[in-house]
Amino acid sequence: MAATQQTVDAVRDVEKYKYGWETNIESDMAPKGLSEDIVRFISAKKEEPEWMLDWRLKAYRLWLTQEDQEPDWAKLKYPKIDYQDSYYYASPNLGDAPKSLDEVDPKLLETYEKLGIPLREQEMLAGVAVDAVFDSVSVATTYKKKLNELGVIFCPMSEAIKEHPELVQKYLGSVVPYSDNFFATLNCAVFTDGSFVYIPKGLRCPMELSTYFRINEKNTGQFERTLIIADEGSYVSYLEGCTAPQRDENQLHAAVVELVVLDDAEIKYSTVQNWYPGDEDGKGGIYNFVTKRAACRGKNSKVMWTQVETGSAITWKYPSCILQGDNSSGEFYSVAITNNRQQADTGTKMIHLGKNTRSKIIAKGISAGRSNSTYRGLVRIQPKAEGARNFTQCDSLLIGNQCGAHTVPYIESRNPTAQTEHEATTSKISDEQMFYCQQRGMNPEEAISLIVNGFCKEVLQTLPMEFAVEAQKLVGISLEGSVG
Amino acid sequence: MSLIEIKDLHVSVDGKEILKGIDLNMDGGEIHAIMGPNGTGKSTLSYVLAGKDGYEITQGSVLFDGKNLLDMEADERARAGVFLAFQYPMEIPGVATATFLKTALNAKRREQGLDEIDAMDFLNLIKSKTKELEIPYEMIKRPLNVGFSGGEKKRAEVLQMSLLEPRFAILDETDSGLDIDALKVVSDGVNALRSPDRAFLIITHYQRLLSYIVPDHVHVLVGGRIVESGDKTLAELLEAEGYARFEESEAA
Ligand SMILES: Nc1ncnc2c1ncn2[C@@H]1O[C@H](COP(=O)(O)OP(=O)(O)O)[C@@H](O)[C@H]1O
Ligand SMILES: [Mg+2]
């Protein structure tokens, strides 16, 4: 059997999705479907102030007028989504909100343990603060006290709306306005929770902040909303990881993440996305339509997006940077792995507004099985962006003969002093490389994992250490098959 | 029973017969050399023994330690102790040489029911091996074979061999591209591995290497057949006379 064929078989076989079980907890659910009443229901459940409800309703009414304007420019194929066929609110039935971990339902903790999330005391030593989002409600926030003492606010979005309305009102929707795009508008109307982070002036946040999102309830769309503000001279590293149980039907996930970076501040935002990708025939899996954007508002501000995307049936995601402050910089590091029937259309937008703004894009796409992966990127240099620089590198790696990789880079420069560089490569894992590795005793799966990890090393290296190790394993798992 | 028994091996590529009946027995402790002009099937033989795809075995058999080698996948053969030092080693971009070596070593250890090697033990092992082979330690941090010079690639192959301690090692023109100093170091590395339960098949078309690694048997491969076998003096004779007389008889 030719090594390529073997490789194809290795990746075509049913992926054993490690996280495919569900937790049985009575859900507090809104009726199925989407209407103004549902929006009001969510807002009421969350005990939100009037201004928040008004904002949601404004978004919902806009969305209604756009219902037929779902974006179709991405290289993605999927049946029309029936937005009335989903639940928009599900909360694990907790009674009153837990005040400490001890009050949290042990079943939930078990769930998190299976996911490997360090929630418990002893694991706090690992230096990770976790804001866990279980379906729509944050159930536990660790480290809160210590962070509070430093002036850091790290809490569920629903809490921030009540406790820190001035910050939320000032910044929510300031990076991704409610009218931004179809999915973002939907998110504004029905988002249920997410994380809120504020890092005060001059503080280097001493620990990684981390949120694990998990979709548990059947037919539940998950719409988180995350907002991170790094005040002048501050720094924070934030990690988001996601898994969802295995289900036959598709589930919608439409999140919005906004980052605000002021003078001399820096945000490092890392994502490891491992939503259920569907089975080998493309049945089930998450539809992941996400809007992520950072506003580098201040001078010398900096944003670094790193994403490792191995899951979801459909990925539509373009973490972007608006480089407004002079000397601000944006970096985008991405690994997107698609296998079986997965489809990913992902990339970034770098909008250069300020002087001497810099951006760097390193995108690695790995396609296997019958999957399709597209890098879509935009680098726009506005007239006032004197001396702006961009470097873009897109590399695609193909495994087998039935997958596809596409690169769609747009570069628009409106300032003659700007410099942009673009490099792109497409390669295949060769039979010779496979044979070489196998001759050294590695089985085909091990060989693929090693080669693919080598291919995306530059990106994985930008992840915080403990997550880099996890991501490396994930790279192997997501390409795993059952070669004998 | 010999360690390796090759019987009447016929191999075709794309319908064209390349090996036309090879018979060769090798015992543990022995070094066999195969010499021959370019394009006669030396590398083909090494690939077939190592289990590369794309070769059709039309006739014959190969036993390794009494087992049917041709039934095993390439990685199984490797873990059973077959090692090929490639004529043209592959580049593995982004994978540090050390990472590659460790993965290979652990694959073998797993087969033997051993735990993964401890990080410190591995480091020490690599340090001593690189020193023996006069390989700069820095080299193992570079991606395997990427940007390596011809000589560095060959040394890296011998480093892997020395680390994996195979029972049957095939060296395919490991001497090509080596200057005389490197040749000596590489030969010392091979000689250090000589042992009663290990056999070597050394493929070369220069006698030069064989004055450092002294073979027990020398075979001349021309036109897909072993046309003559002898001891090390045969290599010297070939060096002086070339392959002309075999090629004439082949054509006849
Ligand atoms: N994969 C292949 N496809 C087609 N022909 C091949 C292939 N491999 C080897 N050959 C042919 O087989 C013959 C022997 O090649 P090889 O074994 O590389 O010789 P050597 O190593 O003795 O120089 C040559 O004629 C070569 O062109
Ligand atoms: Mg050859």
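Residues numbered from 1 in each chain as written. Chains lettered and ligands numbered in written order. Predicted model: local features only at pLDDT ≥ 70, side-chain atom pairs only at ≥ 80, totals over all residues. Heavy atoms only, no water.

Side note on the state of the cysteines
Residue and element names in this part refer to chain A.
So, step 1. This model, assessed by the stated rule, comprises 0 disulfides over all chains.
So, step 2. With no disulfide of its own, Cys155 lies closest to Cys205 among cysteine sulfurs, the gap being 13 Å.
So, step 3. Left without a disulfide partner, Cys456 is nearest to the cysteine sulfur of Cys394, which lies 14 Å away. (Disulfide = S-S within 2.5 Å.)

Notes on helix H1 (residues 42–50) of chain B
Residues and elements named next belong to chain B.
So, step 1. Burial within H1 is extensive, with 9 of its 9 residues counted as buried.
So, step 2. Those residues of H1 lying buried are Lys42, Ser43, Thr44, Leu45, Ser46, Tyr47, Val48, Leu49 and Ala50.
So, step 3. Positive backbone phi, approximately 95°, marks Gly51, located one or two places after H1. (Buried < 20%, exposed > 50% of the residue type's maximum accessible area, 1.4 Å probe, protein only. Helix = DSSP H or I, 4+ residues; strand = E, 2+ residues; numbered from the N terminus.)

A word on the packing of helix H3 (residues 97–111) of chain B against helix H5 (residues 150–164) of chain B
Residues and elements named next belong to chain B.
So, step 1. Here H3 crosses H5 at 30°, and the two axes come no closer than 10 Å. Taken together, the axes of H3 and H5 lie roughly parallel to each other. Handedness of the H3/H5 crossing: right-handed. Packed against H3, whose contacting residues are Phe100, Leu101, Ala104, Leu105 and Lys108, the element H5 presents Leu159, Gln160, Leu163 and Leu164 at the interface.
So, step 2. In the contact of H3 with H5, the residues fall into 7 nonpolar, 1 polar and 1 charged. (Axes fitted to C-alpha atoms, helices over the stretch in contact; angles between N-to-C directions. Parallel < 35°, antiparallel > 145°, perpendicular 65-115°, else oblique. Left-handed = near helix turned anticlockwise from the far one by under 90°. Contact = heavy atoms within 4.5 Å. Nonpolar A, V, L, I, M, F, W, Y, C, P; charged D, E, K, R; others polar.)

Concerning the packing of aromatic side chains
For any pair of aromatic rings, the description rests on two quantities: the centre-to-centre distance and the angle between the ring planes.
So, step 1. Counted by the stated rule, this structure contains 22 aromatic pairs over all chains.
So, step 2. An angle of 75° between the planes, with centres 6.0 Å apart, marks the rings of Phe435 of chain A and Tyr47 of chain B as edge-to-face. Here the residue Phe435 of chain A occupies a position in helix H10 (residues 431–439), and Tyr47 of chain B occupies one in helix H1, the pair thus bridging two chains. By the burial criterion, Phe435 of chain A is buried, and Tyr47 of chain B matches it.
So, step 3. Three or more aromatic residues link up through ring pairs in this structure, and these residues are Tyr60, Trp63, Tyr78, Tyr83, Phe182, Phe183, Tyr287, Phe289, Trp316 and Tyr318 of chain A. (Phe/Tyr/Trp six-rings, centres within 6.5 Å; stacked < 30°, edge-to-face > 60°.)

Digging into the coordination of the magnesium ion (ligand 2)
Ideal values for angles at a metal depend on the geometry: 109.5 degrees with four tetrahedral donors, 90 or 180 degrees with six octahedral donors.
Residues and elements named next belong to chain B.
So, step 1. Looking at the magnesium ion (ligand 2), one finds its protein donor set to be Ser43 (OG) and Gln87 (OE1), positioned 2.1 to 2.3 Å from the metal centre. In this pair, Ser43 is assigned in helix H1 and Gln87 in the loop between strand S6 (82–85) and H3, connecting sequence segments 44 residues apart. Considered together, Ser43 and Gln87 belong to a single accessibility category, that of buried residues. (Donors = N, O, S within 2.8 Å, 3.2 Å for Na, K, Ca; no water.)

So, the sheet that holds strand S5 (residues 67–68) of chain B
All names here are of chain B.
So, step 1. The 4 strands are arranged S2-S1-S4-S5 in an open sheet whose pairing can be described as antiparallel. At either end of the open sheet lies a strand with only one pairing partner, and these are strand S2 (16–26) and S5.
So, step 2. Judged from the 2 bridges that link them, strand S4 (residues 56–64) and S5 form a sheet pairing that is antiparallel. Within S5, the position partnered with Leu63 by the bridge is Asn68. (Pairing = 2+ DSSP bridges.)

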